[in-house]
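Report on the structure
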Amino acid sequence: MAYNYESDLSEAFGQLLKVETDYNVIIHIGKEPNFKEFHAHSYILRCRSEHFNKLLSDENIEIKDGKYIINKPNISPRVFNTILKYIYTGKIDIANKTGNDLLNFIFATDELMLNKLTKQIEEFIIKNRQQYLQNDPVEILQIIHYCKSLAGLKEFCLDEICFKPNILFNSDKFTILSATLLEIILKRDDLNLEEIKIWEYLVKWGLAQDRSLNQDTTRWDKDDYSVFKRILHKFIPLIRFYEISSEDYFNKVKPYEDVIPKELRDDILKSYMIPSYKPIYAQRSPKHSKFNVNIDSIMINQEHLTLFTNWIDKKKENAKYIHYIPYKFNLLYRASRDGNTAAVFHAKCDNKGANIVIVKITNSEQIIGGYNPLFWDSSNSCKSTRDSFIFSFANKDDLQKTKIVYSNGDQFSMQCYSHCGPIFGNSDLYLNFSSGPNIWNHTPYSYPSLGLPSSMNVEDYEVFQVIKK
């Protein structure tokens, strides 16, 4: 018979840290006035941290009165106190930490080579990125940017900002964003802002870099323009001036146009005056967005597609797509448009490859459905896969309340019968028309239960072909 004393062991090590019995390591954390001395045990530090193991194995480590001396001036005592408790007990609570607190924890855990904890905190930030970015996007971006181990988190945050730029550009701290980060953002082709808005924000940022500049350009002299030109110099090539209307250019760009090279100004003017003129200096390609995907649906939107994409690729929390959608979703069939019969369903959907079925429940905002990674046909046979899934949204507008279950891989993952509509599982989610054209059924067998009624009245359903881009 096996016993698990993990909890007791954790408590015992926590008590050992608290009473400091037989400690042999002194760790100096932080700098004055934020400095504290911690006491620990070398055998625990060695087992729990690769970094401490290397330090304690170094023959040149300082030893005083039989105790190892370690200095960590770049970690705050408050952060290290929590981390040291984690090293001893394996427990940590990060739920109520601020975004900056979590980033400071990541820097410390990264330095101490606590890879598991670093990953855990990074995943937590990604999961709650909207909350933290909304609170202080500038500070978080600037901290993340200078930590190479957070390249993945940095990309997640940049994707979020490009998709919802107001998070950053309307922040009270936008004007203190570093020139390096602003350049990185403006270089992206997926920044979801009109070009004139980008110009206005750039001007706002530029004026804040030198407080001697008057907000009223009619009061500027040659030196003021020289200062502003120096500030904006490397950003000018990043602005797609040709995508700015002539009216906006006259009202919002012209007051500052002395910072723009004369050759470019002349070329912009020609493009406004001569409709057929092909600009010489239009070096940047037109904007595109890897996020925006057109979906011909009366039930779902792009946010649903992002969720489906993560389910299709079985993405783990730390690797999920935020807004990027690597698939095309082509509408094959809509019952209310094409006719709600088995014959039409198969005529429109057979042999079209992977597809997803979306079903709207009558008199509610609930949608259900399933993903078929193979194809439908009229062969009156079954198909097996572990990659298919069925799902339910209690409310299609609330993406937090969803259920998804994958096939157990039996022979009934999908069934293809010419007299039926889509069939997932042995009888897990299906339309066979025997009870009427608008009745779908749910009886768990090949998939875990979604907690749905055994019979549901359906308003409409759509089938989308899913194609990898």
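Analysis parameters
Residues numbered from 1 in each chain as written. Predicted model: local features only at pLDDT ≥ 70, side-chain atom pairs only at ≥ 80, totals over all residues. Heavy atoms only, no water. Pairing = 2+ DSSP bridges. Helix = DSSP H or I, 4+ residues; strand = E, 2+ residues; numbered from the N terminus. Axes fitted to C-alpha atoms, helices over the stretch in contact; angles between N-to-C directions. Contact = heavy atoms within 4.5 Å. Patch = residues over 30% accessible without salt bridge, like charges linked within 9 Å, V, L, I, M, F, W, Y side chains within 5 Å. Areas by Shrake-Rupley, 256 points an atom, 1.4 Å probe, with all protein chains shown as cover. Salt bridge = Lys/Arg side-chain N within 4 Å of Asp/Glu carboxyl O. Domains from an automatic or database assignment. Buried area = accessible area lost by both parts, 1.4 Å probe. Polar contact = N/O pair within 3.5 Å; in protein donor to acceptor, adjacent residues only side chain to side chain. Nonpolar A, V, L, I, M, F, W, Y, C, P; charged D, E, K, R; others polar.

The name an unreviewed UniProt entry assigns to the chain is BTB domain-containing protein, from the organism Rhizophagus clarus.

What to know about the sheet that holds strand S2 (residues 34-40)
Judged by pairing direction, the sheet is mixed, and its four strands sit side by side in the order S2-S1-S4-S3 without closing on themselves. Two strands lie at the open edges of the sheet, namely S2 and strand S3 (62-64), each paired on one side alone. Going across the sheet, the axis of each strand differs from the next one's by a mean of 30°, ignoring polarity. The pairing of S3 with strand S4 (residues 67-72) spans three bridges and is antiparallel. Residue pairing for S4: Lys64 is matched across the bridge by Lys67. Against the sheet, helix H4 (residues 77-89) engages strand S1 (25-31) and S2, with an angle of about 15° to S2.

Re a nonpolar patch on the surface
Taken together, the side chains of Leu269, Met273 and Ile274 define a hydrophobic patch exposed on the protein surface, amounting to about 300 Å² of accessible area. Take Ile274: it is sitting in the loop between helix H15 (262-273) and helix H16 (302-312).

Observations concerning the domain arrangement of the chain
Domain boundaries assigned for the chain yield domain 1 (5-169), domain 2 (189-292) and domain 3 (302-468). Look at where the C-alpha atoms of domain 1 and domain 2 centre, and you get two points 43 Å apart. Counting residues at the interface gives seven residues for domain 1 and nine residues for domain 2. Surface buried jointly by domain 1 and domain 2 totals about 760 Å² across both partners, of which 65% is contributed by carbon and sulfur atoms. By the criterion of area lost to domain 2, the three top residues of domain 1 are Cys162, Phe163 and Phe169, representing 67% of everything that side buries. Joining domain 1 to domain 2, the criterion identifies zero salt bridges. At the junction of domain 1 and domain 2, the tally comes to two residue pairs in polar contact (both at pLDDT 80 or more). Taken together, the elements giving at least two residues each to the side of domain 1 that touches domain 2 come down to helix H9 (151-163) and helix H10 (166-169). Considering each element in turn, the side of domain 1 that touches domain 2 owes the most residues, four residues, to H9. Across the side of domain 1 that touches domain 2, the residue classes tally to four nonpolar, one polar and two charged.

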